[in-house]
Amino acid sequence: MNVVIGKLNGLWHLIVGSCQIRTPFPETQDRQLVVQYARRVYPGARIFERD
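Below is a summary of the structure that appears in this document.

Calculation notes
- Residues numbered from 1 in each chain as written.
- Predicted model: local features only at pLDDT ≥ 70, side-chain atom pairs only at ≥ 80, totals over all residues.
- Heavy atoms only, no water.
- Core = buried A, V, L, I, M, F, W, Y, C linked by side-chain atoms within 4.5 Å.
- Buried < 20%, exposed > 50% of the residue type's maximum accessible area, 1.4 Å probe, protein only.
- Helix = DSSP H or I, 4+ residues; strand = E, 2+ residues; numbered from the N terminus.
- Contact = heavy atoms within 4.5 Å.
- Salt bridge = Lys/Arg side-chain N within 4 Å of Asp/Glu carboxyl O.

### Overview of the nonpolar core
Here's step 1: Core analysis: the biggest nonpolar cluster contains 12 residues, these being Val 3, Ile 5, Trp 12, Leu 14, Val 16, Phe 25, Val 34, Val 35, Ala 38, Tyr 42, Ala 45 and Ile 47.
Here's step 2: Mapped by element, the contributors of at least two residues to this core are β1 (2–8), β2 (11–16) and α1 (31–41).

### Focus: the environment of Ile 15
Here's step 1: Locating Ile 15 in the fold gives a position in strand β2.
Here's step 2: Residue classification places Ile 15 among the buried positions, given a relative accessible area of 18%.
Here's step 3: Put simply, Ile 15 and Ile 47 are 32 residues apart on the chain and 10.0 Å apart in space, counted from C-alpha to C-alpha.
Here's step 4: Residues within four places of Ile 15 in sequence aside, it is in contact with Asn 2, Val 3, Val 4, Gln 20 and Arg 50.

### A short note on the pattern of salt bridges
Here's step 1: All told, the structure shown has one salt bridge when counted by the stated rule.
Here's step 2: Ionic pairing is found between Glu 49 and Arg 31, a salt bridge with its closest N-O pair at 3.2 Å. With a gap of 18 residues between them, Glu 49 in strand β4 (residues 46–49) and Arg 31 in helix α1 connect regions that are remote in the sequence.

Next up, the structure:
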């Protein structure tokens, strides 16, 4: 499974397949915290980051 992390409308989002999931983190939050969150929610997934 691939998970893409990106910013949209002031929040971090996780994009999994064709679904876009809003996270509770504002874009001012550190990206590493969002990566840790994605690893907890989707264990074993490949994490990609984009701006």
